Amino acid sequence: SLITQTSRTMTKDLVIGITYSVRALVVIALLMPYGVLANGGDDHGAGGAETNAAAAPAATVVTAERNIQNESGSFSFILKRSPGDPRSGETELFVVRIGEKVEGGFGGGGPVPVEKAKVSARITKADGTLVAADLAVDVGSEGNYRTSYSFGAAGDYKIVLEVTTEDGRNVSADFPVSVASGPFRTSFWLGLLVLILVTLGSLGLVFYSVRKKSSEGGFEYKKVVPLSIAAIIIFTIGLIALIFLLPPQELRAAAEIPAIGATDTVTDSTASKTLLTVSKESQILFGIKTEPIAMRIITGGLKVSGVVKARPDSQAVVVPPVAGRVLLREGLTLGSAVGKGQQIGFVEQVLDVSGQVGLETQRLEVAAREREVEAQRLELRNTVLQLQAQQSEQRSKAQQARTQLAQAQREQRRAENLVEVGAAPKKRLEEAVTAVKVVEQEVIAADRQSDLIENQIKQTQAGQKIFVSPRVNQPTKTFPLIAPTTGIINEIKVTSGQQVDVGTQLVSIVNLSTVLIEAQVFERDLPIVRESTRASFTNAALSGEVYTIGTKDGDGRLLSIGQVVNEQTRTVPLLYEMKNPLGRLKDGMFVDVTIDTTGNREALAVPKQAVITEQGQTFVFVFEGGETFEKRPVALVAEGSDFYEVKTGLKEGERVVTEGIYQLRSTQPST
């Protein structure tokens, strides 16, 4: 009976949970239109098919053509695929028409369709890694062949077609396919959020109702299991319905591709494509490098000439303080680095006759003084010897006193023992104690006298060091040559051993870690450049390297604008300060300066070295991925120092070839 009662209770609770969950589903159904509206009216429910078709973007058809010529013949491949911009999870349809160009045939010079051929198709990565092999190919009329494939992930792929004609000839062609990630549907996530909130709310209502109906006011834990099961079941049903009504990912149906006729040509944007296939080994051999297209601030505007100058406080010359013979430091050459305060040599000054006479008199006086000092030293030495003898005598007396002290201490202990046993009178003990004290005083006095003598010896020896012989000047005097600043030896105007006068320039030092760029601007252009703080400059000797000023990546700044107009040239100098840690900028070097007048506007930019011009048209080579490159025409607007502004032809993130362009141009097909 207990089991039966428990089963009835659990069944009742399960019914209650299902009842509340059904109510939750009703709420979800009522809120579903709001979720649909959140996705722009993308309703996948009943009756919404027409709305879906109207709202979903139309699938495009992309056409590409490839002409292949080998020992088997000359073939043409026209491929159409839909959608033109495939996404992951979508099925891509392919239709290819294979034709053969037959000289002198009856086709009016056009390609003859290759029918009844054995065609195999496979999907590979852009680098040639196999993704799917042996795709099912349907044979149509007039050389048309159809296949399809569902791409599971975004990336760069190729569809490779292997053709074996009816008479056993082989030819193959491949076409690049770029797959993007499929966008997620906003309404699905909104609906999922509503489903979770309503489910949690219904569970809260059920638990509140159960607790309210409990007779004792406590929570009946045995009802948790059936309620939880009901919630899980209803949540699962709601999630399945949500996925069915509003799929998480927006998928498009491929457009129907009609059969390709003999008169069909490439009419979409891919018609102007010139695709090149270059193997990975050839790319490494050609030294091909690419750069991404990005938004940049293009420095363009007024172009003027300028000159590099050293800072006035970074130049110095070394001059001798006196006339004499110059001796430079060994190893000092042009280009040697020196530090501020470092000695780079010295000037040797030779004394004249009067100076040498005075020097001889000084030597005689010094000799007399040395004799006097030597006598004083000898006297002090004798005093030290006498004191050392006295010290030795006192140490001997101290040692004798210590011996007597030891004997007196033994006698004192013997007297103490005899007095203790009554074998001797107390007077004997008192005499022994007195004798010990007398001897101790003698030891202390002897040690003290020895220490006094030791101090006298030290003082006497210290006095010997006071008497030092004076130095005698040599016939010459030397004066050091000191570098007044840190820098590089720029010029050496003397040689070691050369006699020079006071004020002669010996060595020139320059510090080019920071330089000045002086640009000359015509007075009529001052209103244009007055508000501009950015510029760039280059020089033929810098191998195309561009220096920027005033940008976040630059190492320079505008220092000043001149206040005086040159009467002859009618120009005003603009002075820029530029860091030069590698020393590539030299004093006096001419540079081409571009003063930025474009402001802070960012534009899509392509490197100058990536742009080529042929027959008046501008092209770039775009890296499609793997072994595929596209020669693409572009339209340019503004020209900067190292970039062009792109108007049409390129998108941000695409990679263009910047090195190895000559080799790519030599491999392009003839047209």
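Bear in mind that the values here come from a model prediction, so they are computed numbers and not experimental data.

It is worth spelling out the overall build of the chain at this point. Within the chain one finds nine helices and 35 strands. In the chain, which comprises 671 residues, the proportion classed as buried is 35%. Long-range pairs, those at least 24 residues apart, make up 72% of the contacts in the chain with a sequence separation of at least 6. Accessible area of the chain: about 39,000 Å², with a carbon and sulfur share of 54%.

This part covers the pattern of salt bridges. Once their charged atoms are close, side chains differing in charge can pair, the charge on each being opposite to the other. Evaluation of the coordinates by the stated rule reveals 17 salt bridges. A salt bridge links E348 to R325, with the nearest nitrogen and oxygen atoms 2.3 Å apart. Residue E348 is located in strand 18 (residues 343-350), and its partner R325 is located in strand 16 (residues 324-328); the two are separated by 23 residues in the primary sequence. A residue is classified by how much of its surface remains accessible, and E348, at 15% relative accessible area, is buried.

This part covers the sheet that holds strand 13 (residues 294-297). Hydrogen bonding along the main chain pairs the strands of a sheet, whether they run parallel or antiparallel. Ordered in space as 13-29-34-33, the four strands form an open sheet in which the pairing is antiparallel. Every other strand in the sheet has two partners, leaving strand 13 and strand 33 (635-639) as the edge strands with one partner each. The mean angle between the axes of side-by-side strands here comes to 60°, regardless of whether they run parallel or antiparallel. With four bridges connecting them, strand 13 and strand 29 (residues 602-607) associate as antiparallel partners. Directly across from A294, in strand 29, lies its bridge partner A605.

Turning our attention to the nonpolar core. Ranked by size, the top nonpolar core spans 27 residues in total, and within it F77, I98, I123, F151, I159 and F175 carry the most contacts. Among the elements of the structure, strand 1 (62-70), strand 2 (73-82), strand 3 (91-100), strand 5 (118-125), strand 6 (130-135), strand 8 (144-150), strand 9 (155-164) and strand 10 (170-179) are those that each provide at least two residues to this core. Not counting chain neighbours up to four residues away, the residues in contact with I98 comprise S76, F77, V112, P113, V114, V119, G143, Y145 and V163. Among the nonpolar cores identified, the runner-up in size contains 26 residues, and V510, V521, M578 and I595 belong to it.

As a further point, take the packing of aromatic side chains. Under the definition given, this model contains four aromatic pairs. Taking 5.0 Å as the distance between ring centres and 85° as the angle between the ring planes, the aromatic pair formed by Y149 and F151 counts as edge-to-face. Here Y149 falls in the buried class, since its relative accessible area comes to 18%. Since its relative accessible area comes to 1%, F151 is described here as buried. Where F537 meets Y547, the ring centres are 5.2 Å apart and the plane angle is 5°; that geometry is what we call stacked. One end of the pair, F537, is in strand 24 (residues 535-538); the other, Y547, is in strand 25 (residues 547-549), and 10 residues separate them in sequence. Take F537 and Y547: they sit in the same class, and that class is buried. Pairwise contacts between aromatic rings join Y149, F151 and Y157 into one cluster.

Our next topic: the confidence of the model for the chain. Summarising the model, the chain shows a mean pLDDT of 76, and 74% of its residues fall at 70 or more. Confidence drops under a pLDDT of 50 for residues 104-108, and excluding neighbours within four residues, the segment shows zero contacts in the predicted structure. Considering only residues more than four positions removed or in separate chains, one finds that residues 266-272, a stretch of pLDDT under 50, has 11 contacts.

Further remarks concern the environment of D138. Note on placement: D138 falls in strand 7 (residues 138-139). Taking C-alpha positions, D138 is 9.0 Å from V119, a pair spaced 19 residues apart along the chain. If we ignore the near neighbours within four places in the chain, the residues touching D138 are N144, Y145 and R146.

The next subject is the pairing of strand 29. Burial analysis of strand 29 places five of its six residues in the buried class, which makes it a mostly covered element. As paired strands, strand 29 and strand 34 (residues 643-648) are joined by three bridges and run antiparallel to one another. Residue pairing for strand 34: A605 is matched across the bridge by E645.

What counts, and where the lines are drawn
- Residues take numbers from 1 onward in each chain, read along the sequence in its written order.
- Whole-chain, interface and lining totals are the exception, using all residues; otherwise, since this is a predicted model, local features are given only for residues with pLDDT of at least 70 and side-chain atom pairs are given and counted only at 80 or more.
- Side-chain metrics in this entry use all non-hydrogen atoms of the structure; hydrogen atoms and water are not considered.
- Starting at the N terminus, helices and strands are each numbered in turn, a helix being any DSSP run of H or I of at least four residues and a strand any DSSP run of E of at least two.
- When a residue's accessible area, from a 1.4 Å probe over protein chains only, is under 20% of the maximum for its type it is buried; when over 50% it is exposed; and in between it is partly exposed.
- In what follows, a contact means two residues having at least one pair of non-hydrogen atoms within 4.5 Å.
- Calculation of accessible area relied on Shrake-Rupley with a 1.4 Å probe; when residues are assessed, cover is drawn exclusively from the protein chains displayed.
- Salt bridge criterion: a side-chain nitrogen from Lys or Arg within 4 Å of a carboxyl oxygen from Asp or Glu.
- What makes two strands pair is DSSP finding at least two bridges between them.
- For helices, the axis comes from a line fit to the C-alpha atoms of the stretch in contact; other axes are also lines fit to C-alpha atoms, and the angle between any two N-to-C directions lies between 0 and 180 degrees.
- To define a nonpolar core, start from buried Ala, Val, Leu, Ile, Met, Phe, Trp, Tyr and Cys residues and group those joined through side-chain atoms within 4.5 Å.
- Aromatic pairs are defined between Phe, Tyr and Trp rings, using the six-membered ring for Trp, whenever the two ring centres lie within 6.5 Å; interplanar angles under 30 degrees are classed as stacked, those over 60 as edge-to-face, and all others as tilted.
- Values of pLDDT, ranging from 0 to 100, describe the predictor's confidence in every residue of the model.

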